[in-house]
Amino acid sequence: MIFLDAAATTPVRREVLEAMWPLLTGEFGNPSSHHSLGGAAATALAAARRTVANVLGCRPGEVTFTSGGTEADNLAVKGMALARQAADPALNRVVISAVEHPAVEESARYLERFHGFSVDVVPVDSTGRVTAEALSAVLGPETALVSIMYANNEVGTVQPIAELAALARERGVPFHTDAVQAAGWLPVDVKTLGVDALSISGHKLGAPKGCGVLFVRGRTRVEPLVHGGGQERGRRSGTENVAGAVGLATALALAHADQARLAERVTRLRDGFIAAVLDGVSGAVLTGHPVDRLPSVASFCFPGTSGESVLLELERQGVVCSSGSACAAGSDAPSPVLLALGIEAEVAQTAVRFSFDSSVTDADLDAAAVAVRAAVGSVRTLGVPGR
Ligand code: PLP
């Protein structure tokens, strides 16, 4: 099998599992316990926090461990907006982009349904980019928070985060970015990016599912969403997933140490694969930005097919990929992300996303390009039924 669905999830790296193993077995303590086992767990958790902080270029106290990217996004969007509204009830608008992951979008909609917020959606251009002008047009004196993703999970487009965050800062508005897909592939130094909050998920990086991080700058106030024993400096109660935190920290540090080299290698492979698909499949359209895109994502529409049928045919040929985001898999509705790029609904339904992890090889992608040509050809002639 050639696995080209790494944007959905990745296998746990051996080094990560080895780092986690002691915390799941002999050193299984609860970090809040006052005996030596608890102390060992607290020490491991503190070390994991320092490792994450080193990669992000922030202080350990600015790192909150969560149950994943979704919770990190929820905590940022709801927690920061609610804290600002509590301080000043006039701050009752949140700004998101038109291509956010549901973890951000639905958090904003929740604020709208239950807390009197309005949601301003910044449009994107046909490559999926938010421009500074478009953001500037929706920022107002009532804006409590801006949340714009670093890189898109469906088309891989990378946003000019430093420029957008600087604009929000000029207007005195805190800026959150969902870096779940970007981490490991792009620099995530929060000072260079100039963001106030940033989300990461472990399972996109070679750590297990169910662990994430939210960075929140300095004294930025965040209303907790999970109440209880006050762990994570009161930001996120619940006994900490110590092994998960250690796994995430290990995976993030490994990815970061090799980031520039890997990004360059995989970008080269990605561009070769894109060229082979565009060359070999008549009418194929690359979606997202042609250059400012994740090294790891090649996404297409194949007009005259159904994306689901192409996936099925590709899987029969040993290539596993997805029609867009794993969250929307199996849904017949065209992807809101592709519609936001101005792609016709009928064409959006023919989308297929190939996403790579760092182990991808030339041979994998050569074989995948041949399989894509065959799969699209057979769906066009036979109309292979969808799932
Ligand atoms: N944000 C983005 C951009 C994602 O791609 C994902 C997962 O697909 C998430 C958030 C949610 O992360 P998690 O699966 O850790 O909850």
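A brief report on the enclosed structure follows. Since the structure is predicted, the reported quantities are computational estimates derived from the model, not experimental observations.

### As for the sheet that holds strand β6 (residues 175-178)
Reasoning step 1: Reading across from one edge, β2-β8-β7-β6-β5-β3-β4 is the order of the 7 strands in this open sheet, with mixed pairing throughout. Both outer strands of the open sheet, β2 (63-66) and β4 (118-122), are each paired with one neighbouring strand and no more. Between one strand axis and the next, the sheet turns through 20° on average, direction left out of account.
Reasoning step 2: Pairing of strand β7 (residues 197-201) with strand β8 (residues 212-216), which is carried by 5 bridges, proceeds in the antiparallel orientation. Bridged to L198 within β8 is F215.
Reasoning step 3: Strand contacts of helix α3 (residues 69-87): β2, β3 (93-97), β5 (143-147), β6, β7 and β8, with the helix running at about 160° to β5, the strand carrying the most contacts.

### Overview of the site of the ligand
Reasoning step 1: Taken together, 13 residues sit near the ligand, with T70, D178, Q181, S201 and K204 positioned nearest.
Reasoning step 2: T70 has a polar side-chain atom sitting 2.6 Å from an oxygen atom of the ligand.
Reasoning step 3: One nitrogen or oxygen atom from the side chain of K204 is found 2.6 Å from an oxygen atom belonging to the ligand.
Reasoning step 4: If the ligand stood free it would expose 390 Å²; the protein chains cover 87% of that surface.
Reasoning step 5: Per element, the largest residue contribution to the shell around the ligand is 3 residues, and it comes from α3.
Reasoning step 6: A breakdown of the residues in the shell around the ligand according to their chemical character gives 2 nonpolar, 8 polar and 3 charged.

### Looking at the pattern of salt bridges
Reasoning step 1: Counted under the stated rule, the structure contains 16 salt bridges.
Reasoning step 2: Taking the shortest distance from any N to any O, the salt bridge between R49 and E232 comes out at 2.7 Å. Of this pair, R49 sits in helix α2 (residues 36-56) while E232 sits in the loop between β8 and α8 (242-257), and the two are 183 residues apart along the sequence.
Reasoning step 3: We note a salt bridge from R236 to E71, for which the minimum N-O separation is 2.7 Å. One end of the pair, R236, is in the loop between β8 and α8; the other, E71, is in helix α3, with 165 residues separating them in the sequence.
Reasoning step 4: Among the residues examined, E71 registers a relative accessible area of 14% and is labelled buried.
Reasoning step 5: Within this structure, R93, D120 and E142 form a network of salt bridges that share partners.

### Quick word on the nonpolar core
Reasoning step 1: Core analysis: the biggest nonpolar cluster contains 100 residues, and L4, L56, L135, F273, F302, L314 and F354 have the highest contact counts within it.
Reasoning step 2: For this core, the element with the most residues is α8, which contributes 9 residues.
Reasoning step 3: Taken domain by domain, the makeup of this core includes at least three residues from each of domain 1 (2-8 + 259-382) and domain 2 (14-257).
Reasoning step 4: Beyond its immediate chain neighbours, meaning those up to four positions away, L314 contacts V319, C321, V352, F354, A371, V372 and A375.

### Observations concerning the side chain of N74
Reasoning step 1: Relative to the elements of secondary structure, N74 occurs in helix α3.
Reasoning step 2: Polar side-chain contacts of N74 include one of 2.8 Å to the backbone oxygen of T70.
Reasoning step 3: If we ignore the near neighbours within four places in the chain, the residues touching N74 are G79, A103, S107 and L225.

Procedures and definitions
Residues numbered from 1 in each chain as written. Predicted model: local features only at pLDDT ≥ 70, side-chain atom pairs only at ≥ 80, totals over all residues. Heavy atoms only, no water. Pairing = 2+ DSSP bridges. Helix = DSSP H or I, 4+ residues; strand = E, 2+ residues; numbered from the N terminus. Axes fitted to C-alpha atoms, helices over the stretch in contact; angles between N-to-C directions. Contact = heavy atoms within 4.5 Å. Near = heavy atom within 4 Å. Polar contact = N/O pair within 3.5 Å; in protein donor to acceptor, adjacent residues only side chain to side chain. Areas by Shrake-Rupley, 256 points an atom, 1.4 Å probe, with all protein chains shown as cover. Nonpolar A, V, L, I, M, F, W, Y, C, P; charged D, E, K, R; others polar. Salt bridge = Lys/Arg side-chain N within 4 Å of Asp/Glu carboxyl O. Buried < 20%, exposed > 50% of the residue type's maximum accessible area, 1.4 Å probe, protein only. Core = buried A, V, L, I, M, F, W, Y, C linked by side-chain atoms within 4.5 Å. Domains from an automatic or database assignment.

Geometric values such as these leave the question of function open.
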